[in-house]
Protein chains: 2
Amino acid sequence: MIQRFANHLSEPRPIGIVGGLGPYAGYDLVRKIFRWTKADSDQDHLPLMLHSFPGWIPERPAYLLGRTRENPGEDIGSVMAQLARNGARVIGMPCNTAHSPRILDVALERLRETGLDVTFVSIIESAVRQVRELCPNGGRVGLMGTVATLRERLYQDALEAAGLEPALPDDDDCELVQRAISDPDFGVKAFSDPVSPRARRILLDAARRLAEEKRVSLILLGCTEIPVAVTESHLWGVPVVDATSVLARELIRASCPERLKEPSNPQSEKDSA
Amino acid sequence: MIQRFANHLSEPRPIGIVGGLGPYAGYDLVRKIFRWTKADSDQDHLPLMLHSFPGWIPERPAYLLGRTRENPGEDIGSVMAQLARNGARVIGMPCNTAHSPRILDVALERLRETGLDVTFVSIIESAVRQVRELCPNGGRVGLMGTVATLRERLYQDALEAAGLEPALPDDDDCELVQRAISDPDFGVKAFSDPVSPRARRILLDAARRLAEEKRVSLILLGCTEIPVAVTESHLWGVPVVDATSVLARELIRASCPERLKEPSNPQSEKDSA
């Protein structure tokens, strides 16, 4: 395979996806890559590999919140290196929490050790750039994510550096959002297809309070489990940025920009009505 | 990674999926594997790789119908071997047409050349076994698939060997079903998410005529693009067997039988109402 890639330098650069964090987020990213690709036939779609090894990658929040010393970056880096050795030249990871530098730097070091020329596309940087484009004059951005992502300030620092003001849900809502993501009885990780009504209601309520009480001009879904449950393009009158969808577009752009579908295409975001 | 597999002999056998045939069928199979897996957390899901290289695998019908001499089995076999070298020990391919022995035998020979112990799970054999279980006393089975799959008699021979009577749509309907799958202006391969109303209507009409005019006791969706468009568990009063869903269950069973969810679970087939 790698040899075939080398013979097709003008061809798309193969996309590698670090899946399993969680599994449905990987599948959601694959779906969004297909959705945003200009394609009339099988052969028009981009080369893509999804490696989903959830059982071998320790929980990211447990490490970031100090409950374990086992850094998941090592195993994530092994998956990245494996994707690269299989020919991936553009890599994305649909898990915001795993973008904490304490995890990601270790993983990217493993990737670098392969000596292969691979572009890692950050979901955080991609999403913040998209938010910046939608709010060119700054503004207050409502942020939903795991407790670990918020405590690590993964988005807050990047938004502030881009001249934007992050607004978080209240502490109670942050805890509820975390449960909507990971509670074994009703969370999105346990019930993804379909999502439980309880998880979806929690997420919509938290979004409503961001819109109404914090008066944000945009809501950023900064956990890849959330858009599995919440597929609207607007909530309570406020535009929503789905970081997974932005990552999908940036991966296509890095692989083969001429295959990127324009956002105006009516087929591109069927769930956004 | 392969070393880690070796250290976990009691762990699930990693699943490899030959994607890209078409891309949405690969994604539909991943979804159905997740859906049929007993899992309360990320870590409960099975290790899985999807390799989707649609641009490098020649069209299967073109080869089977004699329009090209390039056998796609060579490239399919390369993908299978690549999955095996990455640790896949159970492999599935969500494309019925590619299960023609003229293609599959070449591919499996490439897989065998790796010398690795890999189980290939046939979608045809899996689906026919499921149909047989649902029709223990025989019966007439309505069959929908590509023109190439029908001409190759992939399902007809297997159904007859199992004591079942295959019933095909009329020639006009067969052509229409083919267009619903592959027409660049409205077919499922070009418009998968969402599917075009025209493609769905054609498929439902063909199913209706199988149910009403051919009086079949079951309808078998023998092309992996069809269940992307038709997700019902019954059509016109007749039970539907979705070969992709059956393949998903057989792959889980071959990987780690204790993780296979029972069909009675209400979450398992949300689209089947």
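Residues numbered from 1 in each chain as written. Chains lettered and ligands numbered in written order. Predicted model: local features only at pLDDT ≥ 70, side-chain atom pairs only at ≥ 80, totals over all residues. Heavy atoms only, no water.

Here we take up the overall build of chain A. Secondary structure assignment for chain A yields twelve helices and nine strands. With the principal axes as the frame, chain A shows a C-alpha extent of 55 × 45 × 35 Å. For chain A, the proportion of its 273 residues judged to be buried stands at 62%. Put simply, of all contacts in chain A between residues at least 6 apart along the chain, 75% involve residues at least 24 apart. (Helix = DSSP H or I, 4+ residues; strand = E, 2+ residues; numbered from the N terminus. Buried < 20%, exposed > 50% of the residue type's maximum accessible area, 1.4 Å probe, protein only. Contact = heavy atoms within 4.5 Å.)

In many analyses, interface size is given as the accessible surface area lost on bringing the parts together. Every contact between the two is made by 50 residues of chain A and, on the other side, 50 residues of chain B. With both chains or domains summed, chain A and chain B bury close to 4,600 Å², and 55% of this area falls on carbon and sulfur atoms. Here chain A and chain B share eight salt bridges between them. Between A:Arg35 and B:Asp193 there is a salt bridge, and its shortest N-O distance comes to 3.0 Å. Counting the contacts that link chain A with chain B gives 19 residue pairs in polar contact (both at pLDDT 80 or more). Counting only elements with at least two residues in the side of chain A that touches chain B, the list comes to α1 (2–6), α2 (23–35), β2 (48–52) and α4 (73–85) of chain A. Looking at the side of chain A that touches chain B residue by residue, the class counts come to 25 nonpolar, 13 polar and twelve charged. (Buried area = accessible area lost by both parts, 1.4 Å probe. Salt bridge = Lys/Arg side-chain N within 4 Å of Asp/Glu carboxyl O. Polar contact = N/O pair within 3.5 Å; in protein donor to acceptor, adjacent residues only side chain to side chain. Nonpolar A, V, L, I, M, F, W, Y, C, P; charged D, E, K, R; others polar.)

This part takes up the confidence of the model for chain A. For residues with low pLDDT, the predicted coordinates do not support detailed interpretation. All names here are of chain A. Looking at chain A, pLDDT values average 92 and 93% of them are 70 or higher. Across residues 1–9 the pLDDT falls below 50, and counting only partners more than four positions away or on other chains, this stretch makes 17 contacts in the model. A low-confidence stretch, residues 265–273 stays under pLDDT 50, and its non-local contacts, those more than four residues away or across chains, total 25 contacts. (pLDDT = per-residue confidence, 0-100.)

Now for the relation of the copies chain A and chain B. For the pair chain A and chain B, the relating rotation is 180 degrees, the translation along its axis is 0.0 Å, and the fit reaches an RMSD of 0.0 Å. Taken together, the turn and the small shift mark the pair as related by a two-fold rotation axis. Taking the C-alpha atom as reference, chain A places A:Leu50 closest to the rotation axis, 2.5 Å from it. (Least-squares fit on C-alpha atoms with pLDDT ≥ 70 in both.)

All names here are of chain A. The sheet built from five strands is open, its strands ordered β6-β5-β7-β9-β8 with mixed pairing. Taken across any chain shown, the strands that pair with only one partner, and hence form the sheet edges, are β6 (165–167) and β8 (234–235). Pairing between strand β5 (residues 140–144) and strand β7 (residues 218–221): four bridges, direction parallel. Looking at β7, one finds that Gly142 is bridged to Ile219. (Pairing = 2+ DSSP bridges.)

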